[in-house]
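In case you want the letters, here they are:
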Amino acid sequence: MKRNGFWYGGECYPEQWDEDTFKRDLRWMKEANMNIATIGVFCWAIVQKDESTYDFSFLDRALEILEHEGFYVCLATPTAAPPLWMVRKYPEILSVDMNGHRRKPGGRANFCPNSEKYREFSVKIAEKLAERYRDYRPLVLWHVNNEYSNYCYCETCERKFREWLKNKYASLDELNKKWYSDFWSQRIYDWEEIGLPTMRNLLLFRKDRLQSINPAIYQDYRRFMNESLLECFELEYQALKKYTPNVPVTTNLMATFKPLDYFLWAKKMDVISWDSYPDYGEDHARVSLRCALMRGVARGKPVVLMEQSPSQAIWKWYNHQKSASALKLHTFQTIAHGAEAALYFQIRQSRGGCERFHGAVITHANTNRTRAFEAVKCIGEDLKKLEDRVLNTRVDAQVAVLFDWESWWALEDSPGPNIDFSYLQEVEKYYRALLRMGVGVDVIGVEEDFSKYKAIFAPTLFMVSDEIGRKIRSYVESGGIFVATTMSGVVDENNLAWLGGYLASMNDVFGVRVEEFDAFPLSEERTVSFLGKKYLVKLIEGFVRVEKAFVLGTYSDGLYANEPCITFNQYGEGFAYYVAACASQELCNDFVRYIVERHGIETSFSGPVDGVEVVRRCREDSGMYLFVMNFNSERKQVLLREGKWRDLMSGRTFFDSLVLEPHDVLILERVDL
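Reading the values: the criteria
Residues numbered from 1 in each chain as written. Predicted model: local features only at pLDDT ≥ 70, side-chain atom pairs only at ≥ 80, totals over all residues. Heavy atoms only, no water. Helix = DSSP H or I, 4+ residues; strand = E, 2+ residues; numbered from the N terminus. Rg over C-alpha atoms; globule rule 2.2 N^0.38 Å. Buried < 20%, exposed > 50% of the residue type's maximum accessible area, 1.4 Å probe, protein only. Contact = heavy atoms within 4.5 Å. Areas by Shrake-Rupley, 256 points an atom, 1.4 Å probe, with all protein chains shown as cover. Lys, Arg positive; Asp, Glu negative; His and termini not counted. Charge placed at Lys NZ, Arg CZ, Asp CG, Glu CD. Pairing = 2+ DSSP bridges. Polar contact = N/O pair within 3.5 Å; in protein donor to acceptor, adjacent residues only side chain to side chain. Axes fitted to C-alpha atoms, helices over the stretch in contact; angles between N-to-C directions. Left-handed = near helix turned anticlockwise from the far one by under 90°. Nonpolar A, V, L, I, M, F, W, Y, C, P; charged D, E, K, R; others polar. Disulfide = S-S within 2.5 Å. Expected span 1.5 Å × (residues − 1). Arc of directions from axis to C-beta.

Draft legend 1. Structural context of the overall build of the protein. For the protein, the helix and strand inventory stands at 17 helices and 30 strands. In terms of overall size, the protein behaves like a compact globule, its C-alpha atoms giving a radius of gyration of 26 Å where 673 residues would be expected to give roughly 26 Å. Principal-axis analysis of the C-alpha atoms gives the protein an extent of 75 × 75 × 45 Å. The buried share of the protein, taken over its 673 residues, is 61%. Sequence separation of 24 or more characterises 71% of the internal contacts of the protein that already satisfy a separation of 6 or more. Of the accessible surface of the protein, which amounts to about 26400 Å², a share of 47% is contributed by carbon and sulfur atoms. Charge-centre separation for the protein: the mean point of 85 positive side chains lies 3 Å from the mean point of 95 negative side chains.

Written out as structure tokens, the structure reads:
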């Protein structure tokens, strides 16, 4: 990315304001140490008034002012919200929901990703923008669309889905085999018999989630929709590259957003950008997981924080104002995890529309002397102190947590065994346990190189193909430490249950055979004994038949009383651990601590510390930095492992110990190397 220092700024909407107001906003942005503006996100109806008339005069003037004021520009394609004239003339552009109802004009993210007319118009506007502004010097980044999210269930998608299936399976015999179609007499004899999974046939809401009575077809439909939306991005990407081949292209992702597999998207994006909107009081480890996931999607390269609120959001039930300390913590948490740009939605609070109460750098108070503005300005000052130090560093991690959208879909999109069991919560528990130990953690996909890591945790890796099974086997055999948890290795890539015991084809690697799972409601609990201490488990417990593994923990009660629950097995040069139950956070914490201490995994500080996150970043020239963040409302002491450290903010020096004030952030540089 072409830049000098951090990018700091946000989304501007000059189409909503007169020119004097826009110019004043830019002066105030500079006062807040900002240097980049995103523009054009929702301006399609302004720049294209009918099928053949384009008028870029408003953008021309806004971009001229931005250049005069010395700002970098992130220019968006406005394709998230098709104009009303367009969808009125071509109603097939509008998406159809899972109940079979076509959207009416209005709103955003309302387009069918497989509509040929939508794709035609979106490519044209992207190409027009790129051609017009290809020589615009402040242009540093293209921002395509906005928060892709919309599945569609229209006739066009149905036809395209059949084509996608033909390409994947080649024959109906193969499709029937992989879909297990003889169950409930669902054998398909003609491609035209294949319909979309909707609420009218295969989908149903159960408690808090959508599930399918035909898991295989819904898994394939998720894959198809993921690729369909990605194709929309790619078409605009190619149109932009035609005229601006050296300007990077991105779209803003949403971290743990279930409908889209971002590891697949990352392969097509020049730079990863994402939006972060932590809930009020949300556990810092959950937010950290999202930060680390986006860093993992980027494969460790710098990312762009495209959106965050300086104060409050608007779509939550209770939209709490952020304190200045919370804003600082959240901003530097993303920077610790690889963000080299921090932008806000929005710079000026809109007067109308559904987001008129969404937080902004410049609020309805219409002044630069507000609490929110001062907080934003202070962060800008802090970033200027850091930019020549922490830019171009990378997180140092010995441990990885596997995150797999395919497993998430397959586990939760079909009935059983427990409606309350959550893939995301299972991942969060083990990530949180590693975080409190001060372990450097990457969050990676199953295609990543495992050999880079001393240990890998795979919470509920539900879907395991033969290929992934061989990869895990090779990793452990070569000396890796691999941890699998309950409901792992249950189905193959076609959503078909593995035979011969779960854990896929890796029973010999783990030294156990998982025969079955018991499930019980949240109101019930079971206990497990691990290293002489009792712990709670909930929701799911697996029955494990030990073949050659060693038992570390057993069930204390319930159907599986006195049977193994936690095991480890040496396989080749490495170790494979299995946790058969849905463990409490306390059990996860102590189990992870056992792994870390037994295998000598490096940590950034001594002993577990709750509510504190430490992220270590390194440079190739041996520069080392610690981002130390206290999310607690009280002081916390952190015992550093070694070295002499200087805080880049205050200049204070620390050796083996430091005390963090409540909600404090320190960025420490190692000064004795």
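Continuing now.
Draft legend 2. Molecular detail of the sheet that holds strand β30 (residues 665-670). Overall, antiparallel pairing links the 6 strands, which are arranged β12-β24-β25-β30-β27-β28 in an open sheet. Since the sheet does not close on itself, it has two edges, and those belong to β12 (394-395) and β28 (653-654), each with one partner. With 2 bridges joining them, β12 and strand β24 (residues 612-618) adopt antiparallel strand pairing. Looking across to β24, one finds that Val395 is bridged to Arg617.

Draft legend 3. Spatial organisation of the side chain of Thr527. As for its position among the elements, Thr527 is in strand β18 (residues 526-530). Side chain to side chain, Thr527 and Asp557 meet in a polar contact 2.9 Å long. With residues up to four places along the chain from it excluded, the contact list for Thr527 reads Tyr535, Leu536, Val537, Tyr555, Ser556 and Asp557.

Draft legend 4. Here's a closer look at the pairing of β24. When you tally the buried positions in β24, you get 6 out of 7 residues, the bulk of the element. Examined bridge by bridge, β24 and strand β25 (residues 624-630) share 7 bridges and lie antiparallel to one another. Residue pairing in the sheet places Val612 in a bridge with Asn630 of β25. Here β24 folds back onto β25, and the loop between the two strands holds 5 residues, one of which, Ser622, carries a positive phi near 85°.

Draft legend 5. Region of interest: the packing of helix α11 (residues 324-336) against helix α12 (residues 371-390). Packing of α11 against α12 leaves a shortest axis separation of 10 Å and a crossing angle of 35°. Of the two elements, α11 crosses α12, and the hand of that crossing is right-handed. Residue-level inspection shows Ala324, Leu327, Lys328, Thr331, Phe332 and Ile335 of α11 in contact with α12, the latter providing Arg371, Ala375, Val376, Ile379, Asp382, Leu383 and Leu386. Among the residues forming the contact of α11 with α12, the class breakdown is 9 nonpolar, 1 polar and 3 charged.

Draft legend 6. Structural context of the environment of Thr256. Mapped onto the elements of the fold, Thr256 is located in the loop between β8 (252-253) and α9 (262-266). The exposure class of Thr256 is buried, given its relative accessible area of 18%. For the pair Thr256 and Met294, spaced 38 residues apart in sequence, the C-alpha to C-alpha distance is 8.9 Å. Setting aside chain neighbours within four positions, we find Thr256 in contact with Arg290, Leu293, Phe403, Trp408 and Leu424.

Draft legend 7. Focus on the pairing of strand β22 (residues 574-579). The buried count for β22 comes to 6 of 6 residues, which makes it a mostly enclosed element. Neither face of β22 is open: one carries Gly574, Ala576 and Tyr578, the other Phe575, Tyr577 and Val579, and all of them are buried. Note: strand β21 (residues 564-571) against β22, 6 bridges, orientation antiparallel. Bridge assignment links Ile566 to a residue of β22, and that residue is Val579.

Draft legend 8. View of unusual backbone geometry. The linkage connecting Phe345 with the following residue, Gln346, adopts the cis geometry, with an omega of 10°. Mapped onto the elements of the fold, Gln346 is located in the loop between β11 (339-344) and α12. In this structure, the amide linkage connecting Gly416 to the following residue, Pro417, adopts the cis form with an omega of -10°. As for its position among the elements, Pro417 is in the loop between α13 (405-412) and α14 (423-436). Residue Ala109 is not a glycine yet carries a positive backbone phi of 50°. With respect to the helices and strands, Ala109 occurs in the loop between α4 (84-89) and α5 (116-133). By relative accessible area, Ala109 is classed as buried at 18%. The backbone of Asn145 sits at a positive phi, close to 55°, despite the residue not being glycine.

Draft legend 9. Main features of the sheet that holds strand β7 (residues 249-250). Judged by pairing direction, the sheet is parallel, and its 9 strands sit side by side in the order β7-β4-β3-β2-β1-β11-β10-β9-β8 without closing on themselves. Each edge of the open sheet carries a strand with a single partner, namely β7 and β8. Looking at chain direction, strand β3 (residues 72-77) and strand β4 (residues 139-144) are connected through 5 bridges and run parallel. In the sheet register, Thr77 faces β4, and the bridge partner there is Val144. Running over the sheet, α11 touches β9 (272-275), β10 (303-307) and β11 and is turned about 145° from β11.

Draft legend 10. Highlighting the state of the cysteines. Under the counting rule described, the total for this entry stands at 0 disulfides. Between Cys152, a cysteine without a disulfide, and Cys154, which holds the nearest cysteine sulfur, the sulfur-to-sulfur distance is 3.6 Å. Left unpaired, Cys291 is separated from the closest cysteine sulfur, that of Cys618, by 19 Å. Given a relative accessible area of 2%, Cys291 falls into the buried group.

Draft legend 11. Quick peek at helix α6 (residues 155-169). Over its 15 residues, α6 runs 21 Å from end to end, which matches the ideal 21 Å to within 8%, given 1.5 Å per residue. Every buried residue of α6 is accounted for by Cys157, Phe161, Arg162, Trp164, Leu165 and Tyr169. For α6, the arc enclosing every buried residue in end-on projection is 165°, short of the 170-degree limit, so these residues lie on one face. Opposite the packed face of α6, turned more than 90 degrees from it, sit the exposed residues Glu155 and Asn167. Directly beyond the C-terminal end of α6, a positive phi value near 70° is found at Ala170.

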